[in-house]
Amino acid sequence: MKWYENMTKQQKKDFKKVIIVFAAGTVMVLLVTMVFRFIF
């Protein structure tokens, strides 16, 4: 994780934002898939 420590605070903030968006997107896709299988 040396590359992470070398990042600036702004880069770290952007990096965390990307991870949060990616995780949220993945969860949404999984939920939608489960709901569709449950309904149909």
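Residues numbered from 1 in each chain as written. Predicted model: local features only at pLDDT ≥ 70, side-chain atom pairs only at ≥ 80, totals over all residues. Heavy atoms only, no water.

Visitor: What is the right way to look at the overall build of the protein chain in this model?
Guide: Each helix and strand counted, the protein chain has two helices and zero strands in total. Taken over the C-alpha atoms alone, the protein chain extends approximately 50 × 15 × 5 Å along its principal axes. Here the protein chain, with 40 residues, has 5% of them falling under the buried criterion. (Helix = DSSP H or I, 4+ residues; strand = E, 2+ residues; numbered from the N terminus. Buried < 20%, exposed > 50% of the residue type's maximum accessible area, 1.4 Å probe, protein only.)

Visitor: Explanation requested: the environment of Leu-31 in the structure shown.
Guide: Within the fold, Leu-31 resides in helix 2 (residues 9-39). Through-space distance from the C-alpha of Leu-31 to that of Lys-16 is 22 Å; in sequence the pair is 15 residues apart.

Visitor: What is the right way to read a nonpolar patch on the surface from this model?
Guide: Together, Val-32, Val-35, Phe-36, Phe-38, Ile-39 and Phe-40 line one region of the surface with nonpolar side chains, adding up to about 730 Å² of accessible area. Structurally, the position occupied by Phe-40 is in the segment after helix 2. (Patch = residues over 30% accessible without salt bridge, like charges linked within 9 Å, V, L, I, M, F, W, Y side chains within 5 Å. Areas by Shrake-Rupley, 256 points an atom, 1.4 Å probe, with all protein chains shown as cover. Salt bridge = Lys/Arg side-chain N within 4 Å of Asp/Glu carboxyl O.)

Visitor: Sorry if this is basic, but what is going on with the environment of Phe-38 here?
Guide: Take Phe-38: it is sitting in helix 2. Taking relative accessible area as the criterion, Phe-38 reaches 76% and is therefore assigned exposed. Taking the C-alpha atoms as reference points, Phe-38 and Glu-5, 33 residues apart in sequence, are found 44 Å from one another.

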